[in-house]
Amino acid sequence: LMRVAAVAIAVSLTAAEAAVSRPTVRSASRQGGAVTSPTLRHLLRRKNSCLAHRYCSRPQAAVVPGWDEILSRLPDAPMKLPVDTVLDPKVPDMERRLVLFRDRNGWCPYSERVWLGLHLKGLEFDEVLVDNQGSKPRWYLEAVGGSTPAIRWPNGQYQTESLDILEGLDNHFPSTPALCPSQNRDTVRKFVNSFRETFPRNTRPSSRSAFLFRGSGILRREEFEDCLDGVERLLGETDGPFFAGGDRATLADVAWAPFLERYASQLPLLYAGLDPRNDQSRWGRLAAWYDAMETTVPAYPCRIQGDAQSWAAVLAKAGYGNAGIVPSILKETAASATPRALEHAEELWARYITNTGGTSGAKTPGGDAGNLMARNREGIMKDAAKGSSVALGKDLDTAMRILTSAMLNDDAVDPADNTKQIESMIAGLDPSGAETLVQLASYLEGRICVPRDMGSLSAAAFRRHLRACKAVAAEQMTINR
């Protein structure tokens, strides 16, 4: 029976070889370097019927869109990009505008407080990025005198300190939703003040690893558990899910959010099973608070919130917070910073676009990531060539066009059609091109920092497309051998 089956397979593969040798496939080969019938003959000689079958069923190669075609698909509205004082140190145009000065890396939790508060109030504002770890423009030092955050009010005055700025927003814009509503002002302020009493004391200040280290060591597990138990008790004092109760976040939630966000991603990396985001048996109210922040405040997961991968990456860096001593990280822990947000990504993105117009005008998080790839393509390719083994040239440019097209397709086609288009584009790659795509996707997945580069929902779509394209390209490499 095995011999009969082997003969049948050989006959079917011979027929398949003839099919893939038709002129249409040979034409595709000339256009895009697709694998042609000699490869199938090679697989038959190696008696690798599994790969031969996959080769026979692979899609016909498609021409990868050029940059002119890709750019024509971008939204007409220009991207709303912050001014980066490292790249453009001159004084920006701020006449009669509300301007937020925040950390350019997206690490500063106090900047995040103000950023979130501005979105909760639905205000239009400009953003200026400042390097808290490096040099700052002289005009900024003269106007503000230090790090971030800072606000320039429309009347030209500057203000610092996150909580002072947040209360100032209610005073300057009384017609917008209040962060500290008059009907429960005392309750809101009580929960704001509870922050300092609840988080561990005498810890090293740090943007990347706040309230994690004392001296040169990580706090004991019991200290973190005591802190989380305290948060759980506070949330139990009202009807939830937010600190002051009700169905809308207030100044109290804004004050706590950046630090609880980092704890959700970083604590599971330090102690096994210490997972405030998902341990509903012990911290059920806190888990409900995370869900509420991620599903009822669209701007939070769409632009402001960092993700688990990024907070894990910065935790592994030596810095002032850990006294230059990188902690031992439980690499097998794979926490997700936005589980509920990912379940509601389409709805949240639609609300975010309605409320703010978004950063890029894209209809989906994937489209947003594709916009960033397209508009920053030259810088991304140079960075990849400098920081990885890929080289500038035709293969790198082609790989960038495939990845960008895959992301932009989220705005235009359904997932099944997008998968087919990805497979068709990659089917036209020669071994070198497929290898370059795998290397570029791997590099970008580790290089992205959230929210520095994009929001957590866009980053999730970005990583999903990188992994999908990398998997198809890796299979292409296998077939090409």
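These figures come from a predicted structure and were not determined experimentally.

### Topic: the overall build of the protein
Across its full length, the protein carries 22 helices and seven strands. Within the span of the protein, comprising 481 residues, buried residues form 53% of the whole. Pairs at least 24 residues apart make up 74% of the contacts formed inside the protein by residues separated by at least 6 positions. If you sum the accessible surface of the protein, you get close to 22,000 Å²; carbon and sulfur atoms cover 51% of it.

### Points about helix α12 (residues 280–296)
For α12, spanning 17 residues, the distance from its first C-alpha to its last is only 20 Å, which falls clearly below the expected 24 Å at 1.5 Å a residue. The largest bend along α12 measures about 45° and falls at Leu-286. Among all positions in α12, only Trp-283, Leu-286, Ala-287, Trp-289, Tyr-290, Asp-291, Ala-292, Met-293, Glu-294 and Thr-295 are buried.

### Describing the pairing of strand β2 (residues 99–103)
With five of five residues buried, β2 lies mostly within the body of the structure. Two elements, β2 and strand β3 (residues 126–130), share five bridges in a ladder whose sense is parallel. What sits directly across from Leu-100, in β3, is Glu-127. Between β2 and its parallel partner β3, the chain crosses via helix α6 (residues 109–120), and the hand of that crossover is right-handed. Both β2 and strand β4 (residues 150–152) contribute to a ladder of three bridges, which runs antiparallel. Among the inter-strand pairings, Phe-101 is bridged to a residue of β4, identified as Ala-150.

### A look at the packing of helix α19 (residues 394–408) against helix α21 (residues 431–447)
The geometry of α19 relative to α21 is characterised by a closest axis approach of 9 Å and an angle of 60° between their N-to-C directions. By the criterion of interaxial angle, the relationship of α19 to α21 is oblique. Helix-helix and strand crossings are classified by hand; for α19 and α21 the assignment is right-handed. Between α19 and α21, the residues in contact are Asp-395, Leu-396, Ala-399, Met-400, Ile-402 and Leu-403 and Ser-432, Gly-433, Thr-436, Leu-437, Leu-440 and Leu-444, respectively.

### Thoughts on the nonpolar core
By size, the foremost hydrophobic cluster in this structure holds 70 residues, and its most contacted members are Phe-243 and Trp-289. Elements with a minimum of two residues in this core: α6, α8 (162–172), α9 (185–198), α10 (221–235), α11 (251–270), α12, α13 (299–304) and α16 (345–356). Per-element accounting of this core gives the leading share, 13 residues, to α11. When neighbours within four sequence positions are excluded, Trp-289 is seen to be in contact with Leu-235, Pro-241, Phe-242, Phe-243, Asp-253, Ala-257 and Leu-260. Counting 41 residues, the second largest nonpolar core, distinct from the first, contains Ile-70, Leu-372, Ala-374 and Ala-384.

Rules used throughout
- Residues numbered from 1 in each chain as written.
- Predicted model: local features only at pLDDT ≥ 70, side-chain atom pairs only at ≥ 80, totals over all residues.
- Heavy atoms only, no water.
- Helix = DSSP H or I, 4+ residues; strand = E, 2+ residues; numbered from the N terminus.
- Buried < 20%, exposed > 50% of the residue type's maximum accessible area, 1.4 Å probe, protein only.
- Contact = heavy atoms within 4.5 Å.
- Areas by Shrake-Rupley, 256 points an atom, 1.4 Å probe, with all protein chains shown as cover.
- Expected span 1.5 Å × (residues − 1).
- Bend = angle between axes of the 7 residues up to and from the residue.
- Pairing = 2+ DSSP bridges.
- Right-handed = clockwise from strand over helix to strand, strands pointing away.
- Axes fitted to C-alpha atoms, helices over the stretch in contact; angles between N-to-C directions.
- Parallel < 35°, antiparallel > 145°, perpendicular 65-115°, else oblique.
- Left-handed = near helix turned anticlockwise from the far one by under 90°.
- Core = buried A, V, L, I, M, F, W, Y, C linked by side-chain atoms within 4.5 Å.

So far we have only geometry, and geometry alone does not tell us how the molecule works.
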